[in-house]
Structure formats: structure tokens, C-alpha cells
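# Structural overview for review
Single-letter residue listing:
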Amino acid sequence: MIRGPGLEYERYDPVFFTGDAADSLRSPERPGLMLGGEIAVPKQRVLIAGATGYLGKFIVKELKSRGYWVRALARDARKIEPLKQSVDDLFVGQATQPVTLSGICKGIDIVISCLGITRQKDGLTYMDVDYQGNKNLLDEALGENVPRFMYISVFNADRLRHLEIVRAKEKFADELKAAGLDHIIVRPNGFFSDMQEFFNMARSNFL
Ligand SMILES: NC(=O)c1ccc[n+]([C@@H]2O[C@H](COP(=O)([O-])OP(=O)(O)OC[C@H]3O[C@@H](n4cnc5c(N)ncnc54)[C@H](OP(=O)(O)O)[C@@H]3O)[C@@H](O)[C@H]2O)c1
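Described below are features of the structure shown in this document. (Residues numbered from 1 in each chain as written. Predicted model: local features only at pLDDT ≥ 70, side-chain atom pairs only at ≥ 80, totals over all residues.)

Once that is clear, we can look at helix α5 (residues 195-203). Little of α5 sits inside the fold, with 0 of its 9 residues counted as buried. Directly beyond the C-terminal end of α5, a positive phi value near 60° is found at N205. (Buried ≥ 20, exposed ≤ 12 C-beta atoms within 10 Å, placed from the backbone. Helix = DSSP H or I, 4+ residues; strand = E, 2+ residues; numbered from the N terminus.)

As C-alpha cells, then:
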């Protein structure tokens with residue numbers, strides 16, 4: 001890896017130099033470098049929202065292991081502590097309060113959002129978080145011309161819009177589709193993230 005002013009570069013053998021890496025070489029903002037027979041390309045910078053959640057933690061670690069530069073949004077810095085080896089930049093903010101997100105997308109190539117209410121009980125609604133929180137992030141991304149945004153919705157969402165949570169998620173998905181940047185909407189089924197708790201309860205003879 002090579003470090004430049006404010007950027008980290010990844011070396012590529014020109015034989016394997018395709019896709020995102022090739023695009024990056026042409027980027028006027030963060031151009032790649034030719035170094036002898038090799039090409040060095042700035043690392044892709046990813047912002048992940050919902051980084052402190054069940055899915056988010058896996059994504060953060062996976063991104064880091066694949067060589068991405070990772071910025072994580074958290075509303076409580078202490079919750080990022082277990083992930084600090086995998087996070088290059090911690091941004092403390094509250095997705096539902098746009099003023100706290102100012103500048104969050106500066107220098108970012110990809111936003112990934114797994115932000116949403118699952119079990120949190122903090123008085124906010126799905127519309128506040130799953131819709132408006134994500135919309136506030138999207139507005140920041142558009143303001144900084146971030147080229148890509150990935151959003152985690154939920155399985156079978158098209159058929160479940162009568163549910164408040166799905167309505168909020170898909171309202172955001174509709175706005176993302178209309179926003180004009182490259183986007184991916186993932187609609188996963190259950191993660192069974194509560195299974196460990198059930199296991200612990202069973203082990204302690206609670207069940
Ligand atoms: N779990 C599933 O089985 C499942 C299945 C399909 C789709 N999904 C969707 O996938 C996404 C990730 O799911 P998950 O299970 O990883 O959820 P999770 O563990 O509850 O994580 C949710 C994330 O959103 C953040 N968040 C929640 N409310 C917030 C608020 N008011 N302000 C700021 N941040 C807030 C949480 O931050 P804090 O840590 O600070 O609370 C956390 O980082 C969600 O959108 C969920 O609806 C989940």
C-alpha cells in the first residue's frame with residue numbers, strides 16, 4: 001500500500017486492472033498513479049450507516065478485510081469500540097438530525113446503509129428512522145456527488161407495504177431509485193440474529 005496526501009493507494013497488476021479500479025484511474029478527483037509497471041489506485045472509501053447493528057458489524061469487518069477504507073456512522077461512539085480495528089474513520093452523528101450529518105459523505109465512493117429500527121425503543125417511528133434517517137443520508141450523498149448507494153430493505157417488500165416498517169423502508173427505496181445515482185437495494189429475509197439469545201435462554205433453563 002502507498003500513502004499519498006489524504007489518500008491510501010492499492011497497487012494493481014495491470015493484468016487484473018478492471019472494473020472499479022479501471023474507473024478510478026480515470027477519476028478526475030482521485031486519479032490513480034502509474035508506478036513503473038504497476039498502477040496504484042486510491043482505495044474505495046465506504047461509509048456505512050447502521051455499523052453498530054447486527055448486519056452492519058459483519059459488513060464493516062468484511063469491507064476492511066477486502067481492502068476498503070471504512071467510515072462508520074454511530075450515534076454512540078462507545079458502540080464502535082469493538083470494531084475499531086476495522087474502522088478508519090468514526091463519524092458520530094444522529095441520522096434523524098440532518099445537522100449532525102453535515103460532511104459525512106465527503107470523499108466517499110459508496111454509501112451502505114443498514115440503518116433501521118428493529119428492536120430499538122427510543123420513541124422514534126419507522127418513518128423517522130427507516131425513511132427520514134436514510135433520506136437525510138441520501139441528501140448528504142447527493143450533495144457530495146457520491147456515485148453509489150446500497151440500501152438494505154426487507155424480503156418481499158413489494159407485497160408487504162401495508163406494514164408500517166415496510167412502508168417506511170420502501171418509501172426510501174423509491175426515493176433512492178429516483179435519485180439518479182447508482183444504487184443497489186438488498187431485500188434479505190430474516191438474519192435469525194436472535195437465535196443466540198434463545199440459545200442462552202435455553203441453556204439457562206429459562207425456556
Ligand atoms: N434482522 C433481520 O432479520 C432483518 C431481516 C431483513 C432486513 N433487515 C433490515 O436490515 C437492516 C439491518 O438489520 P439488523 O438486524 O442489523 O438491525 P440492528 O441490529 O437493529 O441495527 C440497526 C442499526 O440502525 C441503527 N439505528 C437504529 N435506530 C436508530 C436511530 N434512531 N438513530 C440512529 N441509528 C439508529 C442502530 O444503531 P444503534 O446501535 O445506535 O442502535 C444500528 O446500527 C435493518 O434496516 C433491518 O430492518 C433485518
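The rest of the description comes next.
The full set close to the ligand counts 30 residues, and T52, G53, L55, G116 and T118 are the nearest of them. Breaking the shell around the ligand down by element, the ones donating at least two residues are α2 (54-65) and α3 (126-143). Looking at the shell around the ligand element by element, the count peaks at 3 residues for α2. Considered class by class, the residues forming the shell around the ligand number 13 nonpolar, 12 polar and 5 charged. (Near = placed C-beta within 6 Å. Nonpolar A, V, L, I, M, F, W, Y, C, P; charged D, E, K, R; others polar.)

Now for the packing of α3 against helix α4 (residues 164-178). The geometry of α3 relative to α4 is characterised by a closest axis approach of 8 Å and an angle of 15° between their N-to-C directions. Considering their axes alone, α3 and α4 lie roughly parallel with respect to each other. Classified by chirality, the crossing of α4 by α3 is right-handed. Residue-level contacts link Y126, M127, D130, Y131, N134, K135 and L138 of α3 to E164, I165, A168, K169, K171, F172, E175 and L176 of α4. Grouping the constituent residues of the contact of α3 with α4 by class yields 8 nonpolar, 1 polar and 6 charged. (Axes fitted to C-alpha atoms, helices over the stretch in contact; angles between N-to-C directions. Parallel < 35°, antiparallel > 145°, perpendicular 65-115°, else oblique. Left-handed = near helix turned anticlockwise from the far one by under 90°. Contact = placed C-beta atoms within 7 Å.)

Glancing now at the nonpolar core. Of all hydrophobic cores here, the largest spans 41 residues; its most connected members are I48, A72, L73 and V111. If you list the elements that add at least two residues to this core, you get β5 (45-49), α2, β6 (69-74), β8 (110-113), α3, β9 (148-152) and α4. (Core = buried A, V, L, I, M, F, W, Y, C linked by C-beta atoms within 7 Å.)

Looking at the element boundaries, T100 is found in the loop between β7 (89-92) and β8. Linking T100 and R75, residues 25 residues apart in sequence, is a C-alpha distance of 9.8 Å.

On to α4. Helix length check: α4 (15 residues) gives 21 Å between terminal C-alpha atoms against 21 Å at 1.5 Å per residue, within 8%. Packing partners of the buried residues in α4 comprise α3, β9 and β10 (182-186). (Expected span 1.5 Å × (residues − 1).)

Attention shifts here to the environment of G180. Relative to the assigned elements, G180 resides in the loop between α4 and β10. Given 8 C-beta atoms within a 10 Å radius, G180 is considered exposed. For the pair G180 and R148, spaced 32 residues apart in sequence, the C-alpha separation works out to 9.7 Å.

Here β8 shows a buried face lined by I110 and I112 and a second buried face lined by V111 and S113. Both β5 and β8 contribute to a ladder of 4 bridges, which runs parallel. Looking across to β8, one finds that A49 is bridged to S113. With 4 bridges connecting them, β8 and β9 associate as parallel partners. Bridge pairing in β9 places S113 opposite Y151. (Pairing = 2+ DSSP bridges.)

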